[in-house]
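# Secondary and tertiary structure notes
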Amino acid sequence: MGRWKLVGLAFVFLWFAIGGVAHFALTETEMRIVPPYIAWPRAAVLASGVLELLGAAGLLWRPTRRAAGMGLFMLTIAVTPAHFYMLQRPELFPAVPYWALWVRLPVQVGLLALIAWSTDAFASRRKI
């Protein structure tokens, strides 16, 4: 694994490890960004926290890295509605500047690209 890929992998690991812990340490805060059409926001926050921590742990072991990358990629897509909810209802999040709500969207795309690249999540398994 090259140096830059290792740096990318470390970033993805830290992003999800810290984020996963935040789901448990700051559950009430995390619940505020869950869109109202999600029936059980606490369960959604805790479940996504568990998945983030499992995914981060899976990145550390080469045999599970690709699967963890695919899982984290899909999880990142699954939580994207929270970003749009915050953008649609900025008055509910006065501590977050409106520009930051917009910046989250391209950051999300960049995170998806970094997950896919650093974990080889969608690379062909065949070697010729």
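Residues numbered from 1 in each chain as written. Predicted model: local features only at pLDDT ≥ 70, side-chain atom pairs only at ≥ 80, totals over all residues. Heavy atoms only, no water.

### Section: the overall build of the chain
Each helix and strand counted, the chain has six helices and zero strands in total. Each helix and strand of the chain, ordered N terminal to C terminal, gives the series α-α-α-α-α-α. Here the C-alpha radius of gyration of the chain, 16 Å, is about what a compact globule of 128 residues would show, namely 14 Å. In terms of overall dimensions, the chain has a C-alpha envelope of 55 × 30 × 20 Å along the principal axes. Within the chain, the proportion of its 128 residues that are buried is 38%. Residue pairs at least 24 apart in sequence account for 65% of intrachain contacts in the chain once pairs closer than 6 positions are excluded. Approximately 8200 Å² of the chain is accessible, and the part contributed by carbon and sulfur atoms is 73%. Side-chain charges in the chain split into 12 positive and 5 negative, and the spacing between the mean points of these groups amounts to 15 Å. (Helix = DSSP H or I, 4+ residues; strand = E, 2+ residues; numbered from the N terminus. Rg over C-alpha atoms; globule rule 2.2 N^0.38 Å. Buried < 20%, exposed > 50% of the residue type's maximum accessible area, 1.4 Å probe, protein only. Contact = heavy atoms within 4.5 Å. Areas by Shrake-Rupley, 256 points an atom, 1.4 Å probe, with all protein chains shown as cover. Lys, Arg positive; Asp, Glu negative; His and termini not counted. Charge placed at Lys NZ, Arg CZ, Asp CG, Glu CD.)

### Observations regarding the layout of surface pockets
Reported here for the largest pocket is a volume of approximately 910 Å³. Together, 35 residues line the largest pocket, and Glu30, Ile33, Val79, His83 and Arg104 are the ones closest to its centre. If one sorts the elements of the lining of the largest pocket by residue count, helix H3 (residues 41-59) sits on top with six residues. Residue composition of the lining of the largest pocket, grouped by class: 24 nonpolar, seven polar and four charged. (1 Å grid on protein atoms, 1.4 Å probe; cavity = no way out; pocket = protein on both sides within 12 Å on 5 of 7 lines; lining within 4 Å. Points joined across faces, edges and corners; volume = space filled by probe spheres on them. Nonpolar A, V, L, I, M, F, W, Y, C, P; charged D, E, K, R; others polar.)

### So, helix H4 (residues 62-78)
The end-to-end C-alpha distance of H4, which contains 17 residues, comes to 25 Å, matching closely the 24 Å that a straight helix rising 1.5 Å per residue would cover. Looking only at H4, the buried set comprises Arg65, Ala68, Gly69, Leu72, Phe73, Leu75 and Thr76. Of the surrounding secondary structure, the elements contacted by the buried residues of H4 are helix H1 (3-25), H3, helix H5 (80-88) and helix H6 (98-119). (Expected span 1.5 Å × (residues − 1).)

### Points about the environment of Gly49
Within the secondary structure, Gly49 sits in helix H3. On the accessibility criterion, Gly49 (0% relative accessible area) is buried. It is 29 Å that separates the C-alpha atoms of Gly49 and Ser124, two residues lying 75 residues apart in sequence. Once residues within four sequence positions are removed from consideration, Gly49 is found in contact with Gly20, His23 and Phe24.

### Remarks on the packing of aromatic side chains
Tallying each qualifying case throughout the model produces four aromatic pairs. Between Phe11 and Trp15, the ring centres sit 5.7 Å apart and the planes meet at 40°, which makes this aromatic pair tilted. Residue Phe11 and its partner Trp15 are both found in helix H1; the two are separated by four residues, about one turn of the helix. Owing to a relative accessible area of 38%, Trp15 belongs among the partly exposed residues under this scheme. (Phe/Tyr/Trp six-rings, centres within 6.5 Å; stacked < 30°, edge-to-face > 60°.)

### Thoughts on the nonpolar core
Formed by 13 residues in total, the largest nonpolar core has its most connected members in Val12, Phe16, Leu59, Leu72 and Ile115. Secondary-structure elements contributing two or more residues to this core are H1, H3, H4 and H6. The contacts of Leu72, once residues within four sequence positions are left out, are Val12, Phe16, Leu51, Glu52, Gly55, Ala56, Leu59 and Ile115. Ala82, Tyr85, Met86 and Leu87 belong to the second largest nonpolar core, which has eight residues in total. (Core = buried A, V, L, I, M, F, W, Y, C linked by side-chain atoms within 4.5 Å.)

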